[in-house]
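# Structural features, examined
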Amino acid sequence: MKKTFVDVMLELPVDATLRDFLTGHGLSMPEIDSGDAADANQTLVEAVTAWADTDARDRMVANLMASVSLGDEAGRQALFEAAMADPAAVTGLALCQSDLQRSFWLYTHHPTLFERASDFDFWAHHGTQAQQYDLGVKRTPIDIEVAMTGLRQAVTSGCKLTQASD
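The sections below set out a description of the structure shown in this document.

## A short note on a negative patch on the surface
Together, D33, D36, D39 and E46 give the surface a local cluster of negative charge. Locating D33 in the fold gives a position in the loop between α2 (16-24) and α3 (37-49).

## Re the layout of surface pockets
A volume near 160 Å³ is recorded for the largest pocket. Together, K2, K3, V8, M65, V68, S69, G71 and L100 line the largest pocket. Residue classes in the lining of the largest pocket are distributed as 4 nonpolar, 2 polar and 2 charged.

## Some remarks on the nonpolar core
Of all hydrophobic cores here, the largest spans 21 residues; its most connected members are M9, L12, L22, V48, M60, L64 and F104. Non-local contacts of L22, meaning those with residues more than four positions away in its chain, are made with M9, L27, M29, L44, V48 and M60. Listed in part, the 13 residues of the second largest apolar core include L79, A82, L113 and A117.

## A short note on the environment of R76
Tracing the backbone shows R76 in helix α5 (residues 73-83). Residue class for R76 comes out partly exposed when judged on its relative accessible area of 31%. Distance in space between the C-alpha atoms of R76 and L100 is 8.8 Å, their sequence separation being 24 residues. Sequence-distant contacts of R76, defined by excluding residues within four places in its chain, comprise L70, D99 and R102.

## Remarks on the packing of helix α4 (residues 54-67) against helix α7 (residues 99-109)
The interhelical angle for the contact between α4 and α7, taken along N-to-C directions, is 120°, at an axis separation of 8 Å. With respect to each other, α4 and α7 are oriented oblique. Seen from α4, the contacting residues are N63, L64, A66 and S67; seen from α7, they are S103, F104 and Y107.

Calculation rules
Residues numbered from 1 in each chain as written. Predicted model: local features only at pLDDT ≥ 70, side-chain atom pairs only at ≥ 80, totals over all residues. Heavy atoms only, no water. Patch = residues over 30% accessible without salt bridge, like charges linked within 9 Å, V, L, I, M, F, W, Y side chains within 5 Å. Areas by Shrake-Rupley, 256 points an atom, 1.4 Å probe, with all protein chains shown as cover. Salt bridge = Lys/Arg side-chain N within 4 Å of Asp/Glu carboxyl O. Lys, Arg positive; Asp, Glu negative; His and termini not counted. Charge placed at Lys NZ, Arg CZ, Asp CG, Glu CD. Helix = DSSP H or I, 4+ residues; strand = E, 2+ residues; numbered from the N terminus. 1 Å grid on protein atoms, 1.4 Å probe; cavity = no way out; pocket = protein on both sides within 12 Å on 5 of 7 lines; lining within 4 Å. Points joined across faces, edges and corners; volume = space filled by probe spheres on them. Nonpolar A, V, L, I, M, F, W, Y, C, P; charged D, E, K, R; others polar. Core = buried A, V, L, I, M, F, W, Y, C linked by side-chain atoms within 4.5 Å. Buried < 20%, exposed > 50% of the residue type's maximum accessible area, 1.4 Å probe, protein only. Contact = heavy atoms within 4.5 Å. Axes fitted to C-alpha atoms, helices over the stretch in contact; angles between N-to-C directions. Parallel < 35°, antiparallel > 145°, perpendicular 65-115°, else oblique.

Printed below as a string of structure tokens:
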């Protein structure tokens, strides 16, 4: 099931990173009781849904959803791989409580590393497809009998050449 922005906001801790993210998008922060985490998250969700500037709210929601695109186990691996050269980023990622928070944290504090991690994640999932495209494997084979016979002969003669050279 795909998460909505409400699900994401309810899962993220209400900390300086989330507050800076929201105020950076133009939301005036409501008074939040820091004693109850669930209450604080619910207050923020209500503030966002009641936000009168719908354009700014939509931009914020789009950025929020983009920021958690690596909030799973595969994304965690890509995040740490991208941050390896930056000890402060690795430490920050390690201090996060969940994969969702790691993704959000790197997105807001180190956007270039987040972009790099997104590239790593993309290639991990789609690298074989790209390789097939680069190799020219993009057409359907001709399956008429004459073509199949020619393919079998080419494969057989290639196998004999390989065996002879070993």
